[in-house]
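What follows is the residue order along each chain.
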Amino acid sequence: MRIEKLRQKFDIELKWVHFPLHPETPAEGMTLEALFAGRDYDLEASYARMKGLMDGEGLEYSRRTHTYNSRLAQELGAWADTVDGGEALHDALYRAYFVDGGNIGDADTLLGIVEAVGLPAEEARAVLDERRFRDAVDADWARSRKIGVSGVPTFVAGGYGVVGAQPYETLEKFLAEIGARARAGNDA
């Protein structure tokens, strides 16, 4: 995966920042046809493009029929960043949504994912019930709007950004241009 390659080559710290791609999506989700109704949007072409990008990264990617509200998943992801082993949740959420087509807006689905990666389910339940990371995600959303994030993924460093799924070489050049320090034995 290109992010791991970048972390091996450069002395960088990865921080997930949450972004409201479709915050209006209801908790039960909606079909992609309904989401893009009235827009000149080719679902098949979009799938083919994303499938090609994901195949190039060695990532699984399945044809989805629905989109789901990711707000609770984002709050759970913010919590996961504070616990040992929490990074595994991000990959599991990706898989649940983009491979398995799961409703990541459903608390029970999210708790099943938490258990599957071995994180403390009761703590996660409290995080969701009490919305402990609501403010953190609100702050991420505000930061995303302030810096002009318009799509995912967006890579930001040194006050500059690169939007969208980019080739590894583009991201490597971006980091070198903003002065990211190469790790010992890696000339950028």
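Draft legend 1. Structural view of unusual backbone geometry. Of note in the backbone geometry, Arg131 takes a positive phi value of approximately 55° without being a glycine. Looking at the element boundaries, Arg131 is found in the loop between helix 7 (121-130) and helix 8 (134-146). For Arg131, a relative accessible area of 26% translates into the label partly exposed.

Draft legend 2. Highlighting the side chain of Arg64. Structurally, the position occupied by Arg64 is in the loop between helix 3 (43-57) and strand 2 (66-67). Lacking a salt bridge, the buried Arg64 has Glu33 as its closest oppositely charged neighbour, with an N-O distance of 10 Å. Within the structure, the side chain of Arg64 is placed 3.0 Å from the backbone oxygen of His66, a separation counted as a polar contact. In contact with Arg64, not counting residues within four places along its chain, are Leu32, Tyr97 and Phe98.

Draft legend 3. A look at the pattern of salt bridges. Across all of its chains, the model carries 13 salt bridges by this definition. Between Glu87 and Arg7 there is a salt bridge, with the nearest N and O atoms lying 3.5 Å from each other. Placement of the pair is Glu87 in helix 5 (residues 87-99) and Arg7 in helix 1 (residues 2-9), with a sequence separation of 80 residues. Given a relative accessible area of 23%, Arg7 falls into the partly exposed group. The salt bridge involving Glu44 is made with Arg63; its shortest N-O contact spans 2.8 Å. In this pair, Glu44 is assigned in helix 3 and Arg63 in the loop between helix 3 and strand 2, connecting sequence segments 19 residues apart. Via salt bridges that share partners, Arg71, Glu75, Arg131 and Asp138 belong to a single interconnected network.

Draft legend 4. Expanded view of the packing of helix 6 (residues 107-116) against helix 7. Running from N to C, helix 6 and helix 7 point in directions that differ by 150°, and their axes come no closer than 9 Å. By the criterion of interaxial angle, the relationship of helix 6 to helix 7 is roughly antiparallel. As for the relative orientation of helix 6 and helix 7, their crossing is right-handed in sense. Between helix 6 and helix 7, the residues in contact are Ala107, Asp108, Leu110, Leu111, Val114 and Glu115 and Ala121, Ala124, Arg125 and Leu128, respectively. Looking at the contact of helix 6 with helix 7 residue by residue, the class counts come to seven nonpolar, no polar and three charged.

Procedures and definitions
- Residues numbered from 1 in each chain as written.
- Predicted model: local features only at pLDDT ≥ 70, side-chain atom pairs only at ≥ 80, totals over all residues.
- Heavy atoms only, no water.
- Helix = DSSP H or I, 4+ residues; strand = E, 2+ residues; numbered from the N terminus.
- Buried < 20%, exposed > 50% of the residue type's maximum accessible area, 1.4 Å probe, protein only.
- Lys, Arg positive; Asp, Glu negative; His and termini not counted.
- Salt bridge = Lys/Arg side-chain N within 4 Å of Asp/Glu carboxyl O.
- Polar contact = N/O pair within 3.5 Å; in protein donor to acceptor, adjacent residues only side chain to side chain.
- Contact = heavy atoms within 4.5 Å.
- Axes fitted to C-alpha atoms, helices over the stretch in contact; angles between N-to-C directions.
- Parallel < 35°, antiparallel > 145°, perpendicular 65-115°, else oblique.
- Left-handed = near helix turned anticlockwise from the far one by under 90°.
- Nonpolar A, V, L, I, M, F, W, Y, C, P; charged D, E, K, R; others polar.

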